[in-house]
Amino acid sequence: MGSRDVTPVKLGVLHDEYQQSAEWLKSQTKHRPQVAIICGSGLGMLADALKCQDSFPYADIPGFPQSTVQGHAGRLVFGELKGKTCVCMQGRFHMYEGHSLGKTTFPVRVFKLLGVETLIVTNAAGSVADGLRPGDIMLIKDHVNFPGLVGLNPLSGPNDDKFGPRFPAMSGCYDKGLRSLALDIAKQMGVADLMREGVYAMVGGPTFETIAEARLLHRLGVDAVGMSTAPEVVIATHCGLRVFGLSLITNKVVKSYEDPDSVDHQGVLEVGRQRSHTLQQLVTQLVARMEINNNIGGSRDNTL
Ligand code: HPA
C-alpha cells in the first residue's frame, strides 16, 4: 500500500440505495405519486383521506430507518386524493432519534425517484412569536436551519450531482403560489382566523427550549420552533421539488421566568388530535387544487 492510498470511508447514502428502495416500492404498488406528504407528530391522520391505499411499514422497505417516536406510526401509505396520486409518510425520522441526516432525509430522494414533484411537509411546533396561539396553523414562508448553520447539513459530504448542484440556493424554498392557494382555501373553509405565515426554526432536540433559548429565538425573529422539517426541505429543494410546509402550533414556548407553564409531548399530540379535521381538509383541498407538472421551480428542474 502506497502512502497516498486512502481508506474508503462511506460518507452519506449511495445513489444505489435510493434507487433500490424506489425500485422495490415500484414493484409493490401500481401508484406513481406526484405529491408526497410528510406527517408530523400527531398528524398521521392526513393519510386517512387517501383512497385505494397500499401501505408499507418502514421495516419492510429497503433502506428505510425505523421511526421510534410515539405519535408516529412508521409506514408509507400510497393512494389517490382528489384525482392526484400521493404518498404519505405516517411518521418521519428525526436527528434526535440518532439517525444520520442522510437517513433522516432518505425518503425524500426516494420520492424524487418515484416521480414526485411536490412535497408537503407538516410538523408540530411551539410558538415563539407573541401573536401565535396553540391551535393556529402557520404556513412556513422560510426556515432557520440551526443544525445546518453549524455544519449538520444533510448535503454535507460528497455531492450527488444526479440529484442537484453542490451549492443549491435555499431562498424561496417554500413555494409562494402554494402558500397563497392555502390561504384562499382557508378563507373558503371559514378558518382564516387560524392561519398565520411565519419563519420556522429547527433545533436539534429532544429537549424543549430553556427560557434563555426561547428568548434568543424570539430576538432572532423566529415565529415557531420544532425539531424537524429543515433537513427534508433542504434535500427536496436540492433535487428540484416544489415545497409547501405548515406548522401546527401545539404549545407556547415559555419565555418568562414568571410563567409556570411547561411543554410536554402529550399536550403536543392532543392539539394535533383537536385540529386533525381542519388540517386534513386544508391539505386535501390544496392537493385537489394544486397544478401539477407546471415546470415547477424553473431552473430547479433537474430531472434524474
Ligand atoms: N419546541 C421544539 N419542538 C417542538 C415544540 C417546542 O416548543 N413543540 C412541538 N415541537
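As a reminder, the structure under discussion sits directly above these lines.
1. Re the overall build of the protein chain
Okay, step 1: Counting its secondary structure elements, the protein chain contains nine helices and nine strands.
Okay, step 2: The C-alpha radius of gyration computed for the protein chain amounts to 19 Å, which stays within 12% of the reference 19 Å derived for 304 residues, consistent with globular compactness.
Okay, step 3: Overall size of the protein chain, expressed as C-alpha extent along the three principal axes, is 65 × 50 × 35 Å.
Okay, step 4: Across the 304 residues of the protein chain, 54% fall into the buried class.
Okay, step 5: Expressed as a percentage of contacts within the protein chain between residues at least 6 apart in sequence, the contacts between residues at least 24 apart total 83%.
Okay, step 6: Summing over all exposed atoms, the protein chain offers an accessible surface of approximately 13,600 Å²; the carbon and sulfur share of this is 51%.

2. Points about the pattern of salt bridges
Okay, step 1: Evaluated as defined, the whole model comprises seven salt bridges.
Okay, step 2: Notably, a salt bridge pairs Arg92 with Glu232, separated by 2.8 Å at the nearest N-O pair. Of this pair, Arg92 sits in the loop between strand E4 (84-90) and helix H2 (101-104) while Glu232 sits in helix H7 (residues 230-238); the two residues are 140 residues apart in sequence, bridging distant segments of the chain.
Okay, step 3: Accessibility expressed as a relative area gives 2% for Glu232, which makes it buried.

3. So, the site of the ligand
Okay, step 1: The local shell around the ligand consists of Ala124, Ala125, Gly126, Phe208, Glu209, Val225, Gly226, Met227, Thr250, Asn251, Val253 and Val268.
Okay, step 2: In the model, a nitrogen atom of the ligand is placed 3.4 Å from a nitrogen or oxygen of the Ala124 main chain.
Okay, step 3: Burial of the ligand by the protein chains amounts to 95% of its free accessible area of 260 Å².
Okay, step 4: Those elements giving two or more residues to the shell around the ligand turn out to be strand E5 (118-127), strand E8 (224-226) and strand E9 (242-252).
Okay, step 5: Per element, the largest residue contribution to the shell around the ligand is three residues, and it comes from E5.
Okay, step 6: Counted by class, the shell around the ligand contains seven nonpolar, four polar and one charged residues.

4. Focus: a nonpolar patch on the surface
Okay, step 1: A grouping of Leu149, Val150 and Leu152 is seen on the molecular surface, where their side chains present a nonpolar patch of about 330 Å² in accessible area.
Okay, step 2: Residue placement: Val150 occurs in the loop between helix H4 (146-149) and helix H5 (176-189).

5. Digging into helix H1 (residues 15-28)
Okay, step 1: The end-to-end C-alpha separation of H1 is 20 Å, in line with the 20 Å expected for 14 residues at 1.5 Å each.
Okay, step 2: The complete set of buried residues in H1 reads His15, Glu17, Tyr18, Ser21, Ala22 and Leu25.
Okay, step 3: Looking at the buried positions of H1, the neighbouring elements they touch are strand E2 (51-57), strand E3 (75-81), H2 and helix H3 (106-114).

6. Focus: unusual backbone geometry
Negative phi is the rule for most residues except glycine; trans is the rule for most peptide bonds.
Okay, step 1: Look at the link from Gly205 to Pro206: it is a cis peptide, with omega at 0 degrees.
Okay, step 2: Relative to the assigned elements, Pro206 resides in the loop between strand E7 (195-202) and helix H6 (211-219).
Okay, step 3: Even without being glycine, Cys52 reaches a positive phi, approximately 50 degrees.
Okay, step 4: By secondary structure assignment, the location of Cys52 is in strand E2.

7. Considering H5
Okay, step 1: When the terminal C-alpha atoms of H5 are compared, their 20 Å separation across 14 residues agrees well with the 20 Å that a helix rising 1.5 Å per residue should span.
Okay, step 2: Buried within H5 are the following residues: Leu178, Arg179, Leu181, Ala182, Ile185 and Ala186. Seen along its axis, H5 keeps its buried residues to an arc of 160 degrees; they face one direction. For H5, the exposed residues lying more than 90 degrees away from the buried face are Lys176, Lys187 and Gln188.
Okay, step 3: Contacts made by the buried residues of H5 are with E5, strand E6 (137-145), E7, E9 and helix H9 (276-289).
Okay, step 4: The distance from a side-chain oxygen at the start of H5 to the backbone nitrogen of Gly177 is 3.2 Å, and the residue carrying that oxygen is Asp175.
Okay, step 5: Remark: Gly190 follows H5 within two positions and exhibits a positive phi of approximately 80 degrees.

8. Section: the packing of H5 against H9
Okay, step 1: In contact at an axis separation of 10 Å, H5 and H9 are set at 125 degrees when each is read in the N-to-C sense. Judged on the interaxial angle alone, H9 and H5 are oblique. For the pair H5 and H9, the crossing hand works out as right-handed. In this structure, H5 contributes Leu178, Leu181, Ala182, Asp184, Ile185, Ala186, Gln188 and Met189 to the contact, and H9 contributes Thr278, Gln281, Leu282, Gln285, Leu286 and Arg289.
Okay, step 2: Residue classes in the contact of H5 with H9 are distributed as eight nonpolar, four polar and two charged.

Cut-offs and rules
- Residues numbered from 1 in each chain as written.
- Predicted model: local features only at pLDDT ≥ 70, side-chain atom pairs only at ≥ 80, totals over all residues.
- Heavy atoms only, no water.
- Helix = DSSP H or I, 4+ residues; strand = E, 2+ residues; numbered from the N terminus.
- Rg over C-alpha atoms; globule rule 2.2 N^0.38 Å.
- Buried < 20%, exposed > 50% of the residue type's maximum accessible area, 1.4 Å probe, protein only.
- Contact = heavy atoms within 4.5 Å.
- Areas by Shrake-Rupley, 256 points an atom, 1.4 Å probe, with all protein chains shown as cover.
- Salt bridge = Lys/Arg side-chain N within 4 Å of Asp/Glu carboxyl O.
- Near = heavy atom within 4 Å.
- Polar contact = N/O pair within 3.5 Å; in protein donor to acceptor, adjacent residues only side chain to side chain.
- Nonpolar A, V, L, I, M, F, W, Y, C, P; charged D, E, K, R; others polar.
- Patch = residues over 30% accessible without salt bridge, like charges linked within 9 Å, V, L, I, M, F, W, Y side chains within 5 Å.
- Expected span 1.5 Å × (residues − 1).
- Arc of directions from axis to C-beta.
- Axes fitted to C-alpha atoms, helices over the stretch in contact; angles between N-to-C directions.
- Parallel < 35°, antiparallel > 145°, perpendicular 65-115°, else oblique.
- Left-handed = near helix turned anticlockwise from the far one by under 90°.

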